[in-house]
Amino acid sequence: MSSLYQFNPDIWINDIKLDDYDVRNVLITDQKNAVIWDTQSHPEDINCFLPHIKDKKITVIYSHADWDHIWGTTALPYKDARIIGHDLCLSRFSSDAPVKLSEMQRSNPHRFENIHLLSPTDTFSSDLTLNFDKFSLELHHLPGHTLDSIAAFLPDKGILLIGDAIETPFPFVPPDCPLSRWIEELKRWQADHRIQTVIPSHGPIGGREQIKNTIDYLENLKTGIENKLPADVTDFYYKTHEENLRNVQNLTH
């Protein structure tokens, strides 16, 4: 189920409910440009943006190459679009991304048979600033949830798009996670007083306190302090927490 709403005059937000969790992507526009932060898990999920894109020049930005962030791109007039991701995001399009797509197509061919991957046309390694007519967008590498994860900051609007680097009640911590760097980068963003609004891909939109909640969870994992889970934690997140505990035991941090 899709839920599209206008966040401010230039930004549209699209929330999609999947089986176990919700996922969010964002459209930022000016008179000539349409910038899309992630494209959801299916082309039909992105169709709601089309009336607001029309003949604008399209730039797609992948927060990372997980399947629920990149599979909707084919719904867009993408042939002339610029698709941007981290260097490691591009590499995933020749490694785990096609493997995941094949698995999903075998398990649910009716839904996923017509999806094909559209990899980044442009990549960066550390930071990249994009300038448009009425806004700029700063892209920053933020490895943690995945090694290719990035954040995007709109300095003119005080908005931080942070992908899966934070999550409510908590993010997934993979076995190859650079946990200390993840925490350090989140602390840097949490201390940045330019940020007024934090928009994660999963969980509620809020302020910089959203970042602090994830920092606390990750630091407790790192130091072995027990995290008190919410009373209403779902089975999906309970299992995620159990997996996080197993994965963190093998980390060198």
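For the structure, check the block above.
Note that the structure is a prediction, hence the values are computed from the model and not measured. (Residues numbered from 1 in each chain as written. Predicted model: local features only at pLDDT ≥ 70, side-chain atom pairs only at ≥ 80, totals over all residues. Heavy atoms only, no water.)

Colleague: Help me understand the overall build of the protein chain in this model?
Modeller: Regarding its fold elements, the protein chain presents eight helices and 12 strands. For the protein chain, the C-alpha radius of gyration of 18 Å lies close to 18 Å, the compact-globule estimate for 253 residues. By principal-axis analysis of the C-alpha atoms, the protein chain measures approximately 50 × 45 × 35 Å. Relative to its full complement of 253 residues, the protein chain shows a buried share of 53%. Expressed as a percentage of contacts within the protein chain between residues at least 6 apart in sequence, the contacts between residues at least 24 apart total 63%. Counting every atom, the protein chain has about 11,800 Å² of accessible surface; 48% of that belongs to carbon and sulfur. Taken as two groups, the 24 positive and 37 negative side-chain charges of the protein chain have centres that lie 3 Å from each other. (Helix = DSSP H or I, 4+ residues; strand = E, 2+ residues; numbered from the N terminus. Rg over C-alpha atoms; globule rule 2.2 N^0.38 Å. Buried < 20%, exposed > 50% of the residue type's maximum accessible area, 1.4 Å probe, protein only. Contact = heavy atoms within 4.5 Å. Areas by Shrake-Rupley, 256 points an atom, 1.4 Å probe, with all protein chains shown as cover. Lys, Arg positive; Asp, Glu negative; His and termini not counted. Charge placed at Lys NZ, Arg CZ, Asp CG, Glu CD.)

Colleague: Got a minute to help me understand the side chain of H145 in this structure?
Modeller: With respect to the helices, strands and loops of the structure, H145 is situated in the loop between strand 9 (136–141) and strand 10 (150–154). There is a polar contact of 3.3 Å between the side chain of H145 and the side chain of D164. What H145 contacts, discounting residues up to four positions off in sequence, is H64, D66, D164, F172, P174 and W182. (Polar contact = N/O pair within 3.5 Å; in protein donor to acceptor, adjacent residues only side chain to side chain.)

Colleague: Sorry, what's going on with the side chain of E167 here?
Modeller: Take E167: it is sitting in the loop between strand 11 (159–163) and helix 6 (179–190). Of the side chains bearing the opposite charge, R24 lies closest to the buried E167, which forms no salt bridge; the N-O distance is 9.7 Å. Once residues lying within four places of it in the same chain are set aside, the contact partners of E167 are F172, H202, T214 and Y237. (Salt bridge = Lys/Arg side-chain N within 4 Å of Asp/Glu carboxyl O.)

Colleague: Honestly, the pattern of salt bridges in this entry has me stumped. Any pointers?
Modeller: Pairing between side chains becomes possible if they bear opposite charge and their charged atoms approach one another. Taken as a whole and assessed by the stated rule, the structure comprises 12 salt bridges. We note a salt bridge from D66 to R92, for which the minimum N-O separation is 2.7 Å. In this pair, D66 is assigned in the loop between strand 5 (57–61) and strand 6 (82–86) and R92 in helix 3 (residues 87–92), connecting sequence segments 26 residues apart. The partner of K212 in a salt bridge is D216, and the shortest N-O contact between them spans 2.7 Å. Note that K212 and D216 are positioned in helix 7 (residues 209–223) at a spacing of four residues, about one turn of the helix. Judged by its relative accessible area of 36%, K212 is partly exposed. Connected through salt bridges with shared partners, the residues D66, R92, D96 and D148 form a single ionic network.

Colleague: It is not clear to me how the sheet that holds strand 5 should be interpreted in this structure. Could you clarify?
Modeller: Pairing within the open sheet is mixed, and its seven strands lie in the order 1-2-3-4-5-6-7. Looking at which strands have only one partner, the edges of the open sheet turn out to be strand 1 (2–8) and strand 7 (122–124). Averaged over all neighbouring strand pairs, the angle between strand axes comes to 20 degrees, with direction disregarded. Relative to strand 7, strand 6 runs parallel, the two being bridged by three bridges. Bridge pairing in strand 7 places G85 opposite T123. (Pairing = 2+ DSSP bridges. Axes fitted to C-alpha atoms, helices over the stretch in contact; angles between N-to-C directions.)

Colleague: Would you take a moment to explain the pairing of strand 8 (residues 127–131) for this structure?
Modeller: Both strand 8 and strand 9 contribute to a ladder of five bridges, which runs antiparallel. The residue bridging L128 from the neighbouring strand is L139, located in strand 9.

Colleague: Whenever I open this one, the layout of surface pockets confuses me. Can you help?
Modeller: Approximately 710 Å³ is the volume found for the largest pocket. Around the largest pocket, the lining comprises 29 residues; the ones closest to its centre are D66, R92, H145, T146 and F172. Mapped onto the lining of the largest pocket, the elements with two or more residues apiece are helix 4 (96–107) and helix 8 (235–248). With five residues, helix 8 is the largest single contributor of residues to the lining of the largest pocket. (1 Å grid on protein atoms, 1.4 Å probe; cavity = no way out; pocket = protein on both sides within 12 Å on 5 of 7 lines; lining within 4 Å. Points joined across faces, edges and corners; volume = space filled by probe spheres on them.)

Colleague: Can you walk me through helix 4 in this structure?
Modeller: Residues three or four positions apart in an α-helix share a direction because the helix packs 3.6 residues into each turn. A rise of 1.5 Å per residue sets the reference length of helix 4, with its 12 residues, at 16 Å; its end C-alpha atoms lie 17 Å apart and thus fit the reference within 8%. Buried residues of helix 4: A97, L101 and M104, and no others. Buried positions in helix 4, seen along its axis, are confined to an arc of 65 degrees and lie on one side of it. In helix 4, those exposed residues whose orientation departs by more than 90 degrees from the buried face are R106 and S107. Of the surrounding elements, those touching the buried residues of helix 4 are helix 3 and helix 5 (109–112). (Expected span 1.5 Å × (residues − 1). Arc of directions from axis to C-beta.)

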